[in-house]
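Next come the chains, spelled out residue by residue.
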Amino acid sequence: MILRAGFDRFLIVPLAASLLASCAVGPDYKVRGAPELGVPDQWSVTAPPQAEDLTRWWRNFDDPILTQLVEQAAAANLDLEQAVARLRQARESLVVSRAALFPSASGSAGVSRTEALRGGGTVITLPDGTVTQTGGGGSSSFSLGLDASYQLDLFGGNRRAVEASKAQFEASGFDYAATLLTVESEVARNYVLARAYQAQLANSRASLAIQDDNLQIAGWRVMAGLVSSLDQEQARASRAQTAAGIPQIEQQYNAAVSRISVLTGQAPGAVKPLLQTVQPIPKGPGQVGAGIPANVLRQRPDVRSAERQLAATTAQIGVAKAQLLPQLNISGSLDTNASSFSNLFDTITGGLFGGISQAIFNAGRLNAQVRSSRAAADGAFAAYRSSVLTALEDIENAVVALRSAEERERQFAIALDASTNSALLARAQYRSGLTDFTTLNTQESALNSARNGLVQAHSDRATALIALYDALGGGWDPTSDYTVLATEPRGTN
């Protein structure tokens, strides 16, 4: 075996690399605490301080159909499929980054054959005097080669790139969880809307039946000469207005049900049979433990994703700074050639090469990249703080909205009771001729308004409760590693 001279002098390179392995340019990422992010110790609104397990908050509504739909969406929603695809992409980017930490090698093999096309043969005189020329013959050659190269990560640029890719991969896992929360809450909101529209349709149809009766009574009284035809026309107009509102509610109901179908990964009409039976709006628990404000740093996946993005951009500063420093490359090769395959390994030649490169002039491009990376890190920190403050805002708004809806429920319940009594009294008086139709119509309109107001208050309370669960980061397990979905089939959460 023949090796090129100078091999020994390169043995010092691995030693130098090991001495510099612990060096990595650029700032090390430090986790920010709650005070640095502007997180207060307490809420500015009254909220139960105890924390709850909100992993499957929809089960607190005690509605089997709601539970079925939310968990079906968690398993089949197409937005989640896209989030998993992005997670897989981030994982492969991490693999690519890690590959730079290892040597690369490539092999080659070749066979060649040469033949003389003209001339080059041997002249032979035969016994009969004939002169002929043999072919020139031919030759074959075989070759094998192995090339390897390695860029020593002297200043940690490649390690910072891996650090950035790993943080982005983890951020993609949290992005998946954030999408999961959005899907779950959207299914629940549309389910509440669907049940509310069913209640409104029932109210409108009950009101329409009463107005049909009023129109008949007004017609009898006109025929008896007790009232003018004005009563009959007022009754006819009121009935038509109520009837005109029913198709709009039906359209809204259809839109809510269709949205639920799509969120569960099905065609728009797929869940209509499941919701066909009218059921009340799910009520849910009386209160939800909000915990302390600092919980959002752990419980909200969008906040944790923003924190990982900050870690990634911080690592990118080191990647940019490493480009300013010398780069050491080592390459080597092994080659063999022979005229026959059996002799291929008789002689092997090898070489080892090392080279250092250093940027001397680049018109400020590399320094600008460092400054750009620092600016990106500053922006990521601002985005992180913004996500934290937005999460706090979402929670406090949901707490207030829930309390407001509960108060409106109580007041509309009183209004419904009073309106029901007033409408019954007005109807009896109109039948007896003690009041006019305008009074009756006003009282029955107030009754219908109170009914729909109470339905809306029930819907608002359920929606505010869903919003609070979502704002608190309910619907996922913060202790789970969602990055495993990049390599495992996705199922229910």
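Residues numbered from 1 in each chain as written. Predicted model: local features only at pLDDT ≥ 70, side-chain atom pairs only at ≥ 80, totals over all residues. Heavy atoms only, no water.

Across its full length, the protein chain carries ten helices and seven strands. Buried residues in the protein chain amount to 38% of all 493 residues. Sequence-distant contacts in the protein chain: of pairs separated by 6 or more residues, those separated by 24 or more amount to 84%. When the accessible surface of the protein chain is split by element, carbon and sulfur atoms take 56% of a total near 26000 Å². (Helix = DSSP H or I, 4+ residues; strand = E, 2+ residues; numbered from the N terminus. Buried < 20%, exposed > 50% of the residue type's maximum accessible area, 1.4 Å probe, protein only. Contact = heavy atoms within 4.5 Å. Areas by Shrake-Rupley, 256 points an atom, 1.4 Å probe, with all protein chains shown as cover.)

Moving on, we come to the packing of aromatic side chains. With the rule as written, the count across this model stands at eight aromatic pairs. With a centroid separation of 6.3 Å and an interplanar angle of 70°, the aromatic rings of Phe-61 and Tyr-469 are classed as edge-to-face. Highlighted residues: Phe-61 in the loop between α1 (12-20) and α2 (64-76) and Tyr-469 in helix α10 (residues 437-471), separated in sequence by 408 residues. Exposure remark for Tyr-469: the relative accessible area of 0% places this residue in the buried category. Aromatic pair Trp-476 and Tyr-482: ring centres 5.8 Å apart, planes at 45°, arrangement tilted. Here the two residues Trp-476 and Tyr-482 agree in accessibility, since each one is buried. Taken together, the ring pairs in this structure connect Trp-57, Trp-58, Phe-61 and Tyr-469 into an aromatic cluster. (Phe/Tyr/Trp six-rings, centres within 6.5 Å; stacked < 30°, edge-to-face > 60°.)

Okay, empty space enclosed by the protein next. Counting across every chain of the model gives one cavity of 30 Å³ or more. Put simply, the largest cavity is a space of about 70 Å³. Around the largest cavity, the lining residues are Ser-207, Ile-210, Gln-211, Glu-444, Leu-447, Asn-448 and Arg-451. Taken together, the elements giving at least two residues each to the lining of the largest cavity come down to α4 (157-223) and α10. (1 Å grid on protein atoms, 1.4 Å probe; cavity = no way out; pocket = protein on both sides within 12 Å on 5 of 7 lines; lining within 4 Å. Points joined across faces, edges and corners; volume = space filled by probe spheres on them.)

All right, on to the packing of helix α8 (residues 301-322) against helix α9 (residues 365-431) then. One way to put it is that α8 packs onto α9 with a least axis distance of 8 Å and a crossing angle of 170°. When the interaxial angle is binned, α8 and α9 end up roughly antiparallel. Packed against α8, whose contacting residues are Val-303, Ala-306, Glu-307, Gln-309, Leu-310, Thr-313, Thr-314, Gln-316, Ile-317, Ala-320 and Lys-321, the element α9 presents Gln-369, Val-370, Ser-373, Arg-374, Ala-376, Ala-377, Ala-380, Phe-381, Tyr-384, Ser-387, Val-388 and Ala-391 at the interface. Considered class by class, the residues forming the contact of α8 with α9 number 13 nonpolar, seven polar and three charged. (Axes fitted to C-alpha atoms, helices over the stretch in contact; angles between N-to-C directions. Parallel < 35°, antiparallel > 145°, perpendicular 65-115°, else oblique. Nonpolar A, V, L, I, M, F, W, Y, C, P; charged D, E, K, R; others polar.)

Averaged over all residues, the pLDDT of the protein chain is 87; the fraction at 70 or higher stands at 90%. Here residues 1-21 is modelled with pLDDT under 50, and outside its nearest four sequence neighbours on either side it reaches 21 contacts, counting other chains as well. (pLDDT = per-residue confidence, 0-100.)

It helps to recall that an α-helix has 3.6 residues per turn; residues three or four apart then point in one direction. Between the first and last C-alpha of α2 there are 18 Å, a value that for 13 residues agrees with the 18 Å anticipated at 1.5 Å per step. The set of residues buried in α2 consists of Ile-65, Leu-66, Thr-67, Leu-69, Val-70, Ala-73 and Ala-74. Close packing links the buried residues of α2 with α3 (78-99), α4, α5 (229-263) and α6 (272-275). (Expected span 1.5 Å × (residues − 1).)

Compared with the 32 Å implied by 1.5 Å per residue over 22 residues, the 32 Å span of α8 between its first and last C-alpha is a close match. Most of α8 is tucked away: 17 of the 22 residues are buried.

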